[in-house]
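# What the coordinates show
Spelled out from the first residue to the last, the chains are:
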Amino acid sequence: MNSLTVVLAPGPVHYLVCALLVCVAVAAHRSQRARQLALLLASWLFYVGWGAGFLSVLIASSVMNYLFGAALKRHVTAGRLWLGVAMNIALLGFFKYASAPLAGEPGLGFLHELVRPIGMSFWTLQALSYLFDIYKEEELDPSLLEFCLYMAFWPTVLTGPISRLPTLLPQFRQRIGPSLDDLSVGASRVLQGLFMKMVLAEILAAGWRPGAGVNAGFDRINGNLGGLDVWFLAIGFGFQLFFDFAGYSHIVIGAARLIGIQLDENFDRPYLSPTPAAFWTRWHMSLSSWIRDYVFLQLASLRRGRSWVYFSLLLSMVVVGLWHNASATFIVWGAYHGLLLVAHRIGQQVKRSLRYQLPQSLGLTLSWASTFLLVSFGWLFFRTQTLAQAIEMSRAVFAPGSYSDLSMPLTFYAVTSAIVMGYAMYHAGEALLARWRVANAPDGLHAVAIELMDFVLARRWWWLAPAMVVVALFVGLAIGDLKPAAPATPFMYTLF
Amino acid sequence: MSDQTQQMIDYIKSDVIRRPDIQIDENTPLVSSGLIDSLALVDILMKLEDVTNKRISAGKVQPKDMDTVGLMFATAAKVGKPRK
């Protein structure tokens, strides 16, 4: 094995070289170009660990979109914009779907290296937003180096958050130098993300013992699941996905913050959303805002009329489903959320026309509970392998007689309930503290208490994450032979 | 404050937010504060076309360009084309 192979293969040497390059970028005080070049090389080196073929696709897409952007800037025409959009969609479609079957054909074996480049769905959206922004005549003037860095930036290249050039470009041009606050917040976010992914998501996925997790429940394709089983699986999967992807987003945002770069947030307490519309402003925010800005608003304003707006909303959510995967389950999942959003809007109009209004707290509670259950039900389509399996599981939900059958191990219900309750209590605690802060004037002992509380809470993941891992391990060992199954689930959004 | 601006503010208060008592002026953030959502943005864009008598391509508009009533009129002046 030669030295180049050692550096390129994912492992300690690979990551060490990446880290060194990032350090060079941070240390390069004088030259903006040297700093950007070091960051770009680190990003490409990080990405090449998943395959040299993938890196060649990323570089080709970066150069192609930069040239499209330059052409569009010279003459802002819809034709040039849509040519760029079509090329990006064609590339995405080819590498995500067509390259795998073609790679089996004689003489096309080299395509094996190019099948489904990791993160392509994410950085293609970044490229498209650049073209749309130029079409909107935003003042964007990245150099080729800066644009390649925007596409390949190592914290976001694998699974987002989907960034926009107007957010990143000014930061790439500033001297990178994390403040103490950046370092503290960054490390805290990384720890929080690791805890969410490696502990909470893994326990939900694998269970305390083999066969007692969400994965085992969904993989039991021909098993008889009762209504309660299906609800627990749907809710458990919803939280597994949340802890997995929101955890990953915390790690990415924290890693970028460690070198002084602030990325946009991707999640904001989505399961506390009181309406489906609010849910989509809090879940995978970088994708939902992208779809809102570049798909929904464009479509909805093509024609007048309420029904056209609703149709645009439905179609936009189908696009969200298709973006995840061009399979029946994801299309149905997207359409289901589109219908929820339309139904919510119609429901609001009906509510306004009624004379009777529920008391506010009762109305809010009912609205939150129904949103939570409807969103959770939707996860069945997101997680199941086939539409037939999703329909089979949905039937159990609507069969009252099946609710008495519990076919999963008891630890599955206990662990899922504990994690969901823990999440609810965490946010309830936050709300109570905020209320206490408002109720007490900041003077004397209260002022000291508030200062102390702010200090401890700002660094809570420094101590909370390791402490909770230790407690969880001790509890597991104390119960006896209950021990977490081996973590084996990759970050889920790397699959898209 | 011009008649057009007042007309737009009245529309947002009565037809979009549906709270006639709320205080809104030209510089009140509407999108970034969460007062209006994506669906409402479409309605507002269409009302803006009627009020200014201009055709405003959504392809040229971003939510941040519609954050305040003042920005809405600036956007209409920048990207709007006279209706035929």
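Before going into details, it helps to say that this report is about the structure given with it. (Residues numbered from 1 in each chain as written. Chains lettered and ligands numbered in written order. Predicted model: local features only at pLDDT ≥ 70, side-chain atom pairs only at ≥ 80, totals over all residues.)

## Comments concerning the overall build of chain B
Stated formally: Put simply, DSSP marks the helices as runs of H or I at least four residues long and the strands as runs of E at least two long, and each gets a number from the N terminus on. All radius of gyration figures rest on C-alpha atoms, and the globule criterion is 2.2 Å times the number of residues raised to 0.38. We call a residue exposed when 12 or fewer other C-beta atoms sit within 10 Å of its C-beta, buried when the count reaches 20 or more, and partly exposed for counts in between; the C-beta positions come from the backbone. We call two residues in contact when their backbone-placed C-beta atoms lie within 7 Å.
Counting its regular elements, chain B contains three helices and two strands. Listing every helix and strand of chain B by position from the N terminus yields α-α-β-α-β. Its C-alpha atoms give chain B a radius of gyration of 12 Å, near enough to 12 Å, the size a compact globule of 84 residues would have. C-alpha atoms of chain B, sized along the principal axes, occupy 35 × 25 × 20 Å. Taking all 84 residues of chain B together, the buried fraction comes to 23%. Sequence-distant contacts in chain B: of pairs separated by 6 or more residues, those separated by 24 or more amount to 57%.

## Focus on the interface of chain A and chain B
Here is the rule we go by: Residue polarity is assigned by list, with Asp, Glu, Lys and Arg as charged and Ala, Val, Leu, Ile, Met, Phe, Trp, Tyr, Cys and Pro as nonpolar; anything else, Gly included, falls into the polar class.
With 14 residues of chain A at the contact, the number on the chain B side is 13 residues. For the side of chain A that touches chain B, the secondary-structure elements that each account for two or more residues are α13 (285-300) and α15 (328-353) of chain A. Taken together, the residues that form the side of chain A that touches chain B break down as six nonpolar, two polar and six charged.

## A short note on the nonpolar core
All names here are of chain A. The following threshold applies: To count as a nonpolar core, a set of buried Ala, Val, Leu, Ile, Met, Phe, Trp, Tyr and Cys residues must be joined through C-beta atoms within 7 Å.
Ranked by internal contacts, the top residues of the largest apolar core, which has 136 residues, are Ala42, Leu131, Ala152, Leu200 and Leu204. Here this core gets 20 residues from one element, more than from any other, and that element is helix α11 (residues 227-258). Leave out the neighbours within four places in its chain, and Leu200 touches Phe195, Phe243 and Ile419.

## Comments concerning unusual backbone geometry
Residue and element names in this part refer to chain A. For the bond running from Gly160 to Pro161, omega is 5°, close enough to zero to count as cis. With respect to the helices and strands, the residue Pro161 is situated in the loop between α7 (144-152) and α8 (165-173). One non-glycine residue, Arg269, lies in the positive phi region at around 45°. Within the fold, Arg269 resides in the loop between α11 and α12 (276-279). Overall, Arg269 belongs to the partly exposed group, with 14 C-beta atoms counted inside 10 Å. A positive phi angle is found at His284, which is not glycine, with a value near 40°. Mapping His284 onto the fold places it in the loop between α12 and α13. Owing to 23 C-beta atoms within 10 Å, His284 belongs among the buried residues under this scheme.

## With respect to the environment of A:Ile251
Residue and element names in this part refer to chain A. Tracing the backbone shows Ile251 in helix α11. C-beta crowding within 10 Å serves as the criterion here: with 21 such atoms nearby, Ile251 is assigned to the buried category. Along the backbone, Ile251 and Asp264 are 13 residues apart, and their C-alpha atoms lie at a distance of 13 Å. Contact partners of Ile251, with chain neighbours within four places excluded, come to Val190, Gly193 and Leu194.

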